[in-house]
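# Overview (structure and organization)
Okay, here's what each chain looks like letter by letter:
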Amino acid sequence: KLLQKYGISQDHLKKTIHEIEKLNPKPGGSFTGNNKVTENIVPDFAIRINDGELELTLNGRNAPSLHVSKDYQEMMQTYKDSRDKSNSQKDAVQFIKQKLDSAKWFIDAIQQRQQTLLKTMNAILRFQYDYFLEGDEAKLKPMVLKDVASFVGLDISTVSRIASNKTVQTDFDVI
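Because the structure is predicted, anything quoted here is derived from the model rather than measured.

## What to know about the packing of aromatic side chains
Given two aromatic rings, one states the distance between the centres and the angle between the planes to describe the pair. On inspection of all chains with the given rule, the structure shows three aromatic pairs. Geometrically, the ring pair formed by Phe127 and Phe151 is edge-to-face, given 5.8 Å between the ring centres and 65° between the ring planes. One end of the pair, Phe127, is in helix α4 (residues 87-127); the other, Phe151, is in helix α6 (residues 145-152), and 24 residues separate them in sequence. The class of Phe151 is partly exposed, set by a relative accessible area of 48%. Ring pairs connect the aromatic residues Tyr131, Phe132 and Phe172, which therefore count as one cluster.

So, in structure tokens, the structure goes:
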């Protein structure tokens, strides 16, 4: 039927069938299972050259802005302003106050983490300034955790955890 429909020779049909048999009917199958799939890296930091100076920023996508809902703060104020305070209101306000305190503590901890990340990366930036400016690996200087830790006033283990699995986007590469 194919020979008649397409007007081709028996030899041409055999060559075509031979080529088709070589093809993979499920070409996307190589990306499933145990094979590692390429994933996008979202850098933790970005270093840009601005008027010949290096500028470091923390990626906001990895550290979103957090805040406590104003509704809860308004509930607290309404309770304080009310004259009649029942036991159930007192219990509810106590519960809300505990949750507000926990939320504020969490937000403060995240902000402290961001500051520590920036402080540590700034120290690394200062140690490797010439490298980050030009991207020339010959300009890399020997650097150990102890040097960075003493520069930023943190424990070596803290600097180790901070620097572990972090990436920085530069004008020349993601490191």
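## Notes on the sheet that holds strand β2 (residues 53-58)
Pairing is mixed across the open sheet formed by three strands, whose spatial order is β2-β1-β3. Edge positions in the open sheet fall to β2 and β3 (168-169), since each of these has one partner strand only. Pairing of strand β1 (residues 45-50) with β3 involves two bridges; the strand directions are parallel. Opposite Ala46, over in β3, you have Gln169 as the bridge partner. Here α4 sits on the sheet and contacts β1, β2 and β3; the angle it forms with β2, its principal contact strand, is near 155°.

## A closer look at the pattern of salt bridges
In total, this model carries five salt bridges according to the counting rule given. A salt bridge links Lys15 to Asp11; the nearest nitrogen and oxygen atoms lie 3.7 Å apart. With Lys15 and Asp11 both in helix α2 (residues 10-22) and four residues apart, the pair spans about one turn of that helix. For Asp101, the salt bridge is made with Lys97, and the minimal N-O distance between the two is 3.4 Å. Of this pair, Asp101 and Lys97 are both found in helix α4, four residues apart, which corresponds to roughly one turn of the helix. When its relative accessible area of 40% is taken as the criterion, Asp101 is described as partly exposed.

## What to know about a nonpolar patch on the surface
There is a patch of nonpolar side chains on the surface, built from Leu66, Trp105 and Phe106 and spanning about 360 Å² of accessible area. Relative to the helices and strands, Trp105 is located in helix α4.

The rules behind the values
Residues numbered from 1 in each chain as written. Predicted model: local features only at pLDDT ≥ 70, side-chain atom pairs only at ≥ 80, totals over all residues. Heavy atoms only, no water. Phe/Tyr/Trp six-rings, centres within 6.5 Å; stacked < 30°, edge-to-face > 60°. Helix = DSSP H or I, 4+ residues; strand = E, 2+ residues; numbered from the N terminus. Buried < 20%, exposed > 50% of the residue type's maximum accessible area, 1.4 Å probe, protein only. Pairing = 2+ DSSP bridges. Contact = heavy atoms within 4.5 Å. Axes fitted to C-alpha atoms, helices over the stretch in contact; angles between N-to-C directions. Salt bridge = Lys/Arg side-chain N within 4 Å of Asp/Glu carboxyl O. Patch = residues over 30% accessible without salt bridge, like charges linked within 9 Å, V, L, I, M, F, W, Y side chains within 5 Å. Areas by Shrake-Rupley, 256 points an atom, 1.4 Å probe, with all protein chains shown as cover.

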